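The primary structure of each chain is shown beneath.
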Amino acid sequence: MDPPQPSLYSLSLVTRAKTALQSAAVRAEKVLTDIKADLKIDRDIDVQSQRGTRRSTDRDIDADDDCSRLPTEVMEKSSSKKVDSAKPLKKAIPSSSVIKQLALAIESSKHFNSVNSLLSSAVEPSNTKEKNGLSFSAVKSLVLRDKEDNEINSSICRLFKSEEQYLPWKGVCGSDLTPTTLLKDLHGAPPGSFVVELSVIIGGFKSLQKMASFWCSVIAELRKLWSDGQPIPRMPLNADPDLNSCLLHQQFQVINCSIARKQRRSIAEESLHSILTKASHEHIDSSPTSKGFARTSTGDYVLRLGISGPSENLTMLETGEPIYSPITQEGPVLTEELIKETEEFVLRTGSLGPGCSQLLSDMQAFKAANPGCILEDFIRWYSPPDWMETDNQLDNSLDDEGSSRHGQLSRRMQEKDNLWHELWETAKALPAVKQTPLFDEDLAVESILTSFESIQPSDLFEQLAVCVISAGLLIAEAVVPEDGTLNKKYNECKDYIVAIYQSGLLNEKLDDICKVYGTIEAIVLKPEETTKAIEQPDETPLGESKKLFKVGNLNFVGKDKQPIWKRTAKDDKKSEEKQGHVLSSLFDKRTSLFSKKSEKLN
């Protein structure tokens, strides 16, 4: 008996099942191929990034070659000390590609109000599941996201885990360079500082989302450092904010300064506790020999607290005890922005500002260091011009310390409603370490970190771009010979960049700034080729590249000799088309030696 033949319906089901399986297999193979291709691209980008991090070694070799190829007359004009010091500086100049990426970021992020809004705009729709689980596109997204996280974590380690110690930019090249006004003119940051390294890393990412994600990771790492009491690397450990630098650099300085202050306060508290413990176990007789005690007008001996050291030729008027200078509280650490806000508040409200609190704090510290003192003693130590010595012909004697006990307060100090008298009556004998801090480090740092989270992306990228530019200019100024063709061309480039920045036209002239900085980079890294290109006649083949370096024609000073930053908006609009035409003719014909194609940010 013949076996039963399958029906047409069952054959149709089998055929459709086979077709579906084959289709799924082909689809899976295609998606996996796409993932591998994307991962290969990311791997290539990482290799290029690592090459960028190793650029210092490569540029060191190039710098040696460039120095050996410098024209004889340039070598003779430049001292051997400057040539030697230029070698490590050349490798440190930031690449023009970093500025191009930051310039693209500024343009692309103008419509975002915060970094969080930028990140949220990149979130994919949550409908990434199909009936049978995650789709292949979702798997691909997860794989690439993991790759991006690894890249960001690697960059965080590079920025924060460095063992490099901070060195002022004047000492980077191994010699004492003369300070310039460049930092003040551009409000940037010193080469080698934390904010410059941050700028270089962010400028190395290829998308806005990666830049924003990295900035959020930086904020998280800063919070961790603050919580652990660890300073920010590549920054001064205890220095007041440099008001000539950008706001970011000043804020990083405030964080480090706050960490140092908290550490000093902790040490001072331990020291005071030790002194009080030791004094409680000592027997105080009628005339203790220890200099840590002072006799009051009642004859009692009281322990001095928070003393810094004896004040020369000053004794207390009522007791004759020597006056000791107290350890006083440090004033607030303010950025340029906070200084302006404080000044506006004082002018608007008529308040005395932080000066009144500082004076009260100093009075309390003085009383703790000098038991038995009176207001006149404090004024003689704190404000000598307000104490006037008087001649007493009957008794013009001096005390054992050579200080006259005869005198009177100035007229302003004798007024009944004088604030000093009111504060003195209010002041208690408290050493600085036991007083309420005049500057709340926790509040200050938390305010800074919060401002980092809410900063407008375009403002962030603009500050980073200016930091890179100023660092490059400072390095170039130390490397370029003091006279000759290269120095003249460098000064033209520098003057143009400074003029654009101070005129407030930086965002409008980003492309021009990138091109001019590219010329400066070429002057530093390729001095011989740059000199040849500049000095060649226009009709020669190299003369075409000469147009690249005619920065003097950028016309930042017009025919009427009026600087660009003094022009009105109307005048600037009239000259914009002409200037744009000039720039186009200058930079369109780049030689392959200096051209770098910028990538568009996603």
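Just above sits the structure.
Residues numbered from 1 in each chain as written. Predicted model: local features only at pLDDT ≥ 70, side-chain atom pairs only at ≥ 80, totals over all residues. Heavy atoms only, no water.

(A) How the structure looks around the overall build of the protein. Looking only at helices and strands, one finds 23 helices and 8 strands in the protein. When the 602 residues of the protein are sorted by exposure, 42% land in the buried category. Long-range pairs, those at least 24 residues apart, make up 73% of the contacts in the protein with a sequence separation of at least 6. Of the roughly 33200 Å² of accessible surface on the protein, 52% is carried by carbon and sulfur atoms. (Helix = DSSP H or I, 4+ residues; strand = E, 2+ residues; numbered from the N terminus. Buried < 20%, exposed > 50% of the residue type's maximum accessible area, 1.4 Å probe, protein only. Contact = heavy atoms within 4.5 Å. Areas by Shrake-Rupley, 256 points an atom, 1.4 Å probe, with all protein chains shown as cover.)

(B) Representation of the packing of aromatic side chains. By the definition in use, this model includes 13 aromatic pairs. When the centroid spacing of 4.8 Å and the interplanar angle of 20° are considered together, the rings of Phe378 and Tyr382 count as stacked. Residue Phe378 and its partner Tyr382 are both found in helix H14 (residues 375–382); the two are separated by 4 residues, about one turn of the helix. Among the aromatic residues, those joined into a ring-pair cluster are Phe366, Phe378, Trp381, Tyr382, Trp420 and Trp424. (Phe/Tyr/Trp six-rings, centres within 6.5 Å; stacked < 30°, edge-to-face > 60°.)

(C) Here's a closer look at the pairing of strand E6 (residues 322–326). Counted residue by residue, E6 has 4 buried out of 5 residues, so it is predominantly covered. Where strand E5 (residues 307–315) hands over to E6, the hairpin turn is made up of 6 residues, of which Gly320 adopts a positive phi near 75°. (Pairing = 2+ DSSP bridges.)

(D) Structural view of the nonpolar core. Judged by nonpolar contacts, the single largest core of 86 residues is most densely connected at Phe214, Trp215, Phe252, Phe452 and Phe461. The greatest single-element share of this core, amounting to 14 residues, is contributed by helix H18 (residues 457–479). If we ignore the near neighbours within four places in the chain, the residues touching Phe461 are Leu102, Ala105, Ile106, Ser109, Ile202, Leu208 and Met211. Leu314, Leu317, Ile374 and Ile379 belong to the second largest nonpolar core, which has 19 residues in total. (Core = buried A, V, L, I, M, F, W, Y, C linked by side-chain atoms within 4.5 Å.)

(E) Structural view of the pairing of E5. In this structure, E5 lies alongside E6, joined through 4 bridges in antiparallel fashion. Looking across to E6, one finds that Ile307 is bridged to Pro326.

(F) Up close: a negative patch on the surface. Taken together, Glu337, Glu341, Glu343 and Glu344 make up a surface patch of like negative charges. Its place among the elements puts Glu337 in helix H12 (residues 336–349). (Patch = residues over 30% accessible without salt bridge, like charges linked within 9 Å, V, L, I, M, F, W, Y side chains within 5 Å. Salt bridge = Lys/Arg side-chain N within 4 Å of Asp/Glu carboxyl O. Lys, Arg positive; Asp, Glu negative; His and termini not counted. Charge placed at Lys NZ, Arg CZ, Asp CG, Glu CD.)

(G) Here's a closer look at the pattern of salt bridges. Counted according to the given criterion, the structure contains 16 salt bridges. The salt bridge partner of Lys110 is Glu107, with a shortest N-O separation of 3.6 Å. Residue Glu107 is classed as partly exposed on the basis of its relative accessible area, which comes to 41%. Salt-bridge contacts for Glu446 lead to Arg223; the nearest nitrogen and oxygen are separated by 3.0 Å. Of this pair, Glu446 sits in helix H17 (residues 441–454) while Arg223 sits in helix H10 (residues 208–228), and the two are 223 residues apart along the sequence.

(H) Here's a closer look at helix H21 (residues 527–535). Along H21, the positions that sit buried rather than exposed are Pro527, Thr530, Thr531, Ala533 and Ile534. Taken end-on, H21 shows its buried residues confined to a sector of 165°, consistent with a single buried face. (Arc of directions from axis to C-beta.)

(I) Spatial organisation of the side chain of Ser458. Note on placement: Ser458 falls in helix H18. Taking the relative accessible area as the measure of exposure, Ser458 reaches 11% and is therefore buried. Non-local contacts of Ser458, meaning those with residues more than four positions away in its chain, are made with Ile106, Ser109 and Lys110.

(J) Summary view of the environment of Asn113. For Asn113, the position within the fold is in the loop between helix H5 (96–108) and helix H6 (115–120). Here the alpha-carbon distance between Asn113 and Asp459, two residues 346 residues apart in the chain, equals 9.9 Å. Among residues more than four places away in sequence, those in contact with Asn113 are Ser454, Ile455, Gln456 and Pro457.

(K) Focus on the packing of H5 against helix H20 (residues 510–525). Where H5 meets H20, the axes come as close as 9 Å, and the angle between the chain directions of the two elements is 170°. Taken together, the axes of H5 and H20 lie roughly antiparallel to each other. Contacts from Ser96, Ile99, Lys100, Ala103, Ile106 and Glu107 in H5 reach Leu510, Cys514, Tyr517, Gly518 and Glu521 in H20. A breakdown of the residues in the contact of H5 with H20 according to their chemical character gives 6 nonpolar, 2 polar and 3 charged. (Axes fitted to C-alpha atoms, helices over the stretch in contact; angles between N-to-C directions. Parallel < 35°, antiparallel > 145°, perpendicular 65-115°, else oblique. Nonpolar A, V, L, I, M, F, W, Y, C, P; charged D, E, K, R; others polar.)

(L) Spotlight on the packing of helix H19 (residues 485–502) against H20. Where H19 contacts H20, the axes come no closer than 10 Å and their chain directions differ by 155°. Classified by the angle between their axes, H19 and H20 sit roughly antiparallel to one another. Relative to H20, the crossing made by H19 is left-handed. Judged by residue contacts, Leu486, Lys489, Tyr490, Cys493, Tyr496, Ile497 and Ile500 of H19 engage Asp512, Ile513, Val516, Thr519, Ile520 and Ile523 from H20. Grouping the amino acids of the contact of H19 with H20 by side-chain chemistry returns 10 nonpolar, 1 polar and 2 charged. (Left-handed = near helix turned anticlockwise from the far one by under 90°.)

(M) Inspection of the side chain of Ser311 at higher detail. In this structure, Ser311 sits in strand E5. A residue is classified by how much of its surface remains accessible, and Ser311, at 15% relative accessible area, is buried. Setting aside residues up to four positions removed in sequence, Ser311 forms contacts with Ile323, Tyr324, Ser325 and Trp381.

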